[in-house]
Amino acid sequence: MKAVARLAAILVTGLFLDAGAEAASMQPYQMVRSLQRVQDRIADGDHAALPMQQKLLGIIDNRMRKAAPDDFSDPRNLQALLIYGLSGGNPKTLELLFSKLSLNADESRLGNAIVRYALGDFAAARSVLQDIDPKSLPPEVGPPVALVSATVTARDNPLFAIRMLDEARLLSPGTLIEEAALRRSIPLAAALGDTERLARASEQYVRRFLRSPYATQFVDTFVAAVVELHDTVDPGMVDDVTAQMSSEQARIVYLRLARKSAIEGYERLLAFASQKAMAHSEGADGDSDPRAVLYANMASVSSDNVDDVLAALNGIERDRLSSADRELLDAATAIAKAVLDEPRHTSAVTPPSEPTPAEAGPPQEAALENNGIVENEQNATAPASPGTDDLVFPGDPVNEEADGYLKEMRSKLEDIDALLEEETAQ
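Please read these numbers as outputs of a predicted model, since none were measured by experiment.

What counts and what doesn't
Here the residue numbering is sequential within each chain, running from 1 through the sequence in written order. Per-residue local features are limited, in this predicted model, to residues with pLDDT of at least 70; the limit for side-chain atom pairs, both in listing and counting, is 80 or more; totals at the level of whole chains, interfaces and linings are taken over all residues. Processing note: side-chain calculations cover all non-hydrogen atoms of the structure and skip hydrogens and water entirely. The term salt bridge refers to a side-chain nitrogen of Lys or Arg lying within 4 Å of a carboxyl oxygen of Asp or Glu. Put simply, DSSP marks the helices as runs of H or I at least four residues long and the strands as runs of E at least two long, and each gets a number from the N terminus on. Between buried and exposed lies partly exposed: a residue is buried under 20% and exposed over 50% of the maximum accessible area for its type, with that area taken using a 1.4 Å probe on protein chains only. Throughout, an axis means a line fitted to C-alpha atoms (over the contacting stretch in the case of helices), and angles, computed between N-to-C directions, take values from 0 to 180 degrees. What sets the label is the angle itself: under 35 degrees gives roughly parallel, over 145 gives roughly antiparallel, 65 to 115 gives roughly perpendicular, and the rest give oblique. Note on convention: near helix rotated counterclockwise from far helix by under a right angle means a left-handed crossing. Clockwise means right-handed. Should any heavy atoms of two residues lie within 4.5 Å, those residues are counted as being in contact.

All right, on to the pattern of salt bridges then. Evaluation of the coordinates by the stated rule reveals 22 salt bridges. One salt bridge connects Arg169 with Asp166, and the closest N-O pair in it is separated by 3.4 Å. Highlighted residues: Arg169 and Asp166, both in helix H10 (residues 158-171), separated by three residues, approximately one helical turn. By relative accessible area, which is 17% here, Arg169 ends up buried. Across the pair Arg208 and Glu178 runs a salt bridge whose closest N-O atoms are separated by 2.6 Å. Linking Arg208 in helix H12 (residues 195-209) with Glu178 in helix H11 (residues 176-191), this pair joins segments that are 30 residues apart in sequence. Looking at Arg208, the relative accessible area reads 46%, which means it is partly exposed.

Here the focus is the packing of helix H4 (residues 49-66) against helix H6 (residues 91-100). The geometry of H4 relative to H6 is characterised by a closest axis approach of 10 Å and an angle of 25° between their N-to-C directions. With respect to H6, the axis of H4 lies roughly parallel. Along this stretch, H4 crosses H6, giving a crossing that reads as left-handed. On H6, the residues touching Asp61, Met64 and Arg65 of H4 are Lys92, Thr93, Leu96 and Leu97.

The next thing to look at is the environment of Asp74. Along the polypeptide, Asp74 turns up in the loop between H4 and helix H5 (75-86). Judged by relative accessible area, which is 21%, Asp74 ranks as partly exposed. Along the chain, Asp74 and Tyr29 lie 45 residues apart, while their C-alpha atoms are 9.3 Å from each other.

Given below as structure tokens:
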């Protein structure tokens with residue numbers, strides 16, 4: 001145990017050369033225990049441990065490649081190999097090692113499923129993992145197996161996947177596995193229309209893991225789930241979740257929720273989120289976040305107050321908005337002007353010019369992969385800068401010409417977003 005603690009300490013302090021030297025004399029199971037210790041630090045909110053996790057996976061990979069088949073006659077080392085594979089291990093290393101080992105039937109099936117998973121062949125991995133009870137496995141192997149089982153079955157069998165996430169949490173409380181399982185429960189709850197589970201998982205997450213480096217992923221999935229369930233979700237649940245956050249974190253949640261609601265045209269949710277964003281956006285200098293002003297006025301526009309809305313929109317400092325939100329501001333301003341015009345004049349509204357992909361820039365909120373336990377980093381408390389989502393303003397339903405303009409606007413901006421995604425993927 002002293003060697004495990006030493007390697008974990010060396011990694012956390014960033015002494016990578018010492019870590020490599022220390023690893024050369026350690027057994028695989030000792031190295032994987034070091035990985036688990038580093039992951040526990042991540043779950044506790046140690047952002048500095050994230051690069052250590054990636055570095056340690058590389059060191060473990062090098063050590064595994066040098067291991068002899070006899071090393072894995074020790075059950076602890078075999079279990080370490082399984083955990084390494086389930087934690088984002090190198091598929092080539094896994095293929096090499098499992099091809100050399102003499103395993104019993106159950107071990108061979110599980111090892112092959114892990115290799116298939118590491119290679120991205122989810123269908124082959126699913127055919128094996130869905131028949132394995134994580135509780136029947138050694139206590140260190142069961143939780144990551146449950147987490148990966150949920151990953152490979154989520155699309156085809158969300159009920160089974162969410163049950164596996166529950167088992168992962170119960171088998172590994174307080175760990176990075178529980179953090180990931182809670183976070184991944186949220187989109188599954190939305191897919192199943194389960195607002196009660198969504199509320200429960202979200203509140204548990206913010207109570208226990210809000211300091212996690214992956215908390216921004218939680219915010220993204222939470223906002224998307226609330227928007228998806230906009231007809232049935234209780235807005236008070238959002239307040240319950242954000243009540244456990246700092247004012248800045250709550251502001252980010254409400255801003256993102258307002259923006260996505262505006263895009264989808266969900267006026268009730270837009271009005272709720274924009275008002276909350278305004279309440280949290282007042283700075284020490286008395287200035288409001290321009291995004292909150294934009295979204296709040298989009299929510300409140302009507303024929304009775306359109307003069308005030310247009311004045312507020314015209315007062316927004318464009319240079320404080322992202323390029324995507326400047327497009328949204330232009331669309332909102334055009335619609336407010338169209339409401340003021342006589343119906344015969346609305347056809348003269350000129351849509352804002354379309355940015356080229358180069359002008360618009362890459363999306364600022366890139367989707368993050370969720371493979372195994374190891375995931376990418378994004379700062380949970382970074383200021384929200386909405387990316388290149390579809391931009392659409394929920395128009396006045398009595399103004400058919402303005403609505404037609406909005407539909408055309410949505411189509412053009414979807415084409416722009418598609419080009420941006422292609423550029424980012426290259």
